[in-house]
There are 2 protein chains.
Amino acid sequence: MRITFLGTGDAGGVPLYGCDCSACTRARAVADFRRRPCTALVEAGDTRILLDAGLTDLTERFPPGSLSAIVLTHFHPDHVQGLFHLRWGIGPSIPVFAPPDTEGCADLYKNHGLLEFRRLSKFELVTIGNLVLTPLPLNHSKATFGYAIEETDGQRFAYLTDTAGLPPPTEAFLKKWRPASFALDCSYPPQSDLPRNHNDLTLALAIAETLAPARVWLTHVSHELDAWMLKNIGNLPPHMAVAYDSQVVSDAGFVQQC
Amino acid sequence: MRITFLGTGDAGGVPLYGCDCSACTRARAVADFRRRPCTALVEAGDTRILLDAGLTDLTERFPPGSLSAIVLTHFHPDHVQGLFHLRWGIGPSIPVFAPPDTEGCADLYKNHGLLEFRRLSKFELVTIGNLVLTPLPLNHSKATFGYAIEETDGQRFAYLTDTAGLPPPTEAFLKKWRPASFALDCSYPPQSDLPRNHNDLTLALAIAETLAPARVWLTHVSHELDAWMLKNIGNLPPHMAVAYDSQVVSDAGFVQQC
């Protein structure tokens, strides 16, 4: 299994429009520090799954036939806005697996074009090529699933955004399932009040400690977290890192724990 | 008054994803033939109005303070999707004038961020800097306004998309108002059936003949119209042209007729 973090930003991204903080200034000067909408590509053999579709240049990144499926965490615009253009294409339909959300986003259901929406149910496995996904309920302002993703050879990875903490059934599942590594929502630096909808670093550290995987990549990162990290380098445990756009996590990172 | 056609495409754009027609093949080979979401910038002195916001890179094109306002024709995603990112910025709010549409698009009203939505009424003038706009009802599948735009020096331009034909009150207004030039929806080549929601070339020619302006630029163009034009070069009257992305129409094009 190979993961590419195509986008690791929160809805505002980095640099944030109009902001001159240290993180935004750095990202304007050096493109490597930019953060686009939170998206990951999961590859296993011929299977290629796009986790979320907030990148607006999907039609240029993924030629027809290059994706096995798109899997959505939820229907907020920063996670689906790339579908508004992609849907009008022609050719083979693209399966789009999504949580049960009767509203969807704008007119995506009504004018689905070449997208073929398929509704998932919590904890009900779905097989896509060489990968088996288990939808995991998360704590967010809209129906949201994280995904436990397992390759046929047993490698296990979990993708857990957008969320503030974890619902007890999801935490219980992951404690038993024991992914070698996961990507985790960490939108903000430590907050004085308990954050809603997204993890701050305090919540993210607590989840990482509870589940104790070999590796944790923090994603859905705001400019505020980036600015905080600039002042607090070295404040993360050695098995945790803030992901960056275009980062590739290769097979070597997925040694199974059990 | 200076108009820049930043985007002249229909919702699918050119090249259309998955299409190998002559127009899409040409646009893949030569970027000048690409068509992005239908958008225009109107400038008059210090006044800069963005007509529609479907371009997804607005945060990069328009630094804070560089736009007097955004004016929307309607809330379909290809006309507003650039706002999903722009809204999360910080700094001065951006006025966004729009037709009365209680639904809007996705969560734009709920989470408006730095956008300040202002509802327009048909035929009620609004002054933005050096420009006076009159909202004109159009025939589309969602509440849609075209705009009659007048500079303080009397130059007149109308922007008429998305529409199939013109509602009689709008046609009557424009006959009397007599814009020197206008941009007009022409999404399709001539169709055998009367098109819905968008003009085909037959409807566009009829509108141009009725209103008889000095210049007409066709916009909201599909790959089908481009492919048809490749086979039918010279089929447009000399005062009409298909606009292209980044085309600038300078003052010289706006000699008032009356």
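One can find the structure itself at the top, above this paragraph.
Residues numbered from 1 in each chain as written. Chains lettered and ligands numbered in written order. Predicted model: local features only at pLDDT ≥ 70, side-chain atom pairs only at ≥ 80, totals over all residues. Heavy atoms only, no water.

Asker: Please provide a residue-by-residue account of the sheet that holds strand S2 (residues 39-44) of chain A, values included.
Answerer: All names here are of chain A. The sheet built from 7 strands is open, its strands ordered S6-S5-S4-S3-S2-S1-S14 with mixed pairing. The open sheet is flanked by strand S6 (115-119) and strand S14 (247-249), the only strands paired with a single partner. The sheet shows a mean angle of 25 degrees between the axes of neighbouring strands, direction not considered. (Pairing = 2+ DSSP bridges. Helix = DSSP H or I, 4+ residues; strand = E, 2+ residues; numbered from the N terminus. Axes fitted to C-alpha atoms, helices over the stretch in contact; angles between N-to-C directions.)

Asker: Before we move on, can you summarise the interface of chain A and chain B with the specific residues and values?
Answerer: Each partner contributes to the interface: chain A provides 28 residues, whereas chain B provides 28 residues. In this assembly, chain A packs against chain B so that about 2,200 Å² is buried in total across both faces, 67% of it on carbon and sulfur atoms. The salt bridge partner of Arg34(A) is Glu60(B), with a shortest N-O separation of 3.7 Å. Where chain A touches chain B, the interface holds 9 residue pairs in polar contact (both at pLDDT 80 or more). Elements with a minimum of two residues in the side of chain A that touches chain B: helix H2 (58-61) and helix H4 (83-86) of chain A. Considering every element that reaches the side of chain A that touches chain B, the biggest residue donor is H4(A), with 3 residues. Among the residues forming the side of chain A that touches chain B, the class breakdown is 16 nonpolar, 8 polar and 4 charged. (Contact = heavy atoms within 4.5 Å. Buried area = accessible area lost by both parts, 1.4 Å probe. Salt bridge = Lys/Arg side-chain N within 4 Å of Asp/Glu carboxyl O. Polar contact = N/O pair within 3.5 Å; in protein donor to acceptor, adjacent residues only side chain to side chain. Nonpolar A, V, L, I, M, F, W, Y, C, P; charged D, E, K, R; others polar.)

Asker: So what about the packing of aromatic side chains? Which residues, and what values?
Answerer: For the structure on display, the rule yields 15 aromatic pairs over all chains. Ring centres 6.0 Å apart and planes at 45 degrees place the aromatic pair Phe75(A) and Phe117(A) in the tilted group. Of the two residues, Phe75(A) sits in the loop between strand S4 (69-71) and helix H3 (77-80) while Phe117(A) sits in strand S6, which places them 42 residues apart along the sequence. Their ring planes at 20 degrees and their centres at 6.0 Å tell us that Phe84(A) and Phe84(B) sit as a pair that is stacked. A residue pair is termed interchain when its members come from two chains, as with Phe84(A) in helix H4 and Phe84(B) in helix H4 (residues 83-86). Both residues of the pair, Phe84(A) and Phe84(B), count as buried. Geometry around Phe33(A) places Arg26(A) over its ring, the cationic atom sitting 3.9 Å from the centre. (Phe/Tyr/Trp six-rings, centres within 6.5 Å; stacked < 30°, edge-to-face > 60°. Buried < 20%, exposed > 50% of the residue type's maximum accessible area, 1.4 Å probe, protein only. Lys NZ or Arg CZ within 6 Å of the ring centre and 35° of its normal.)

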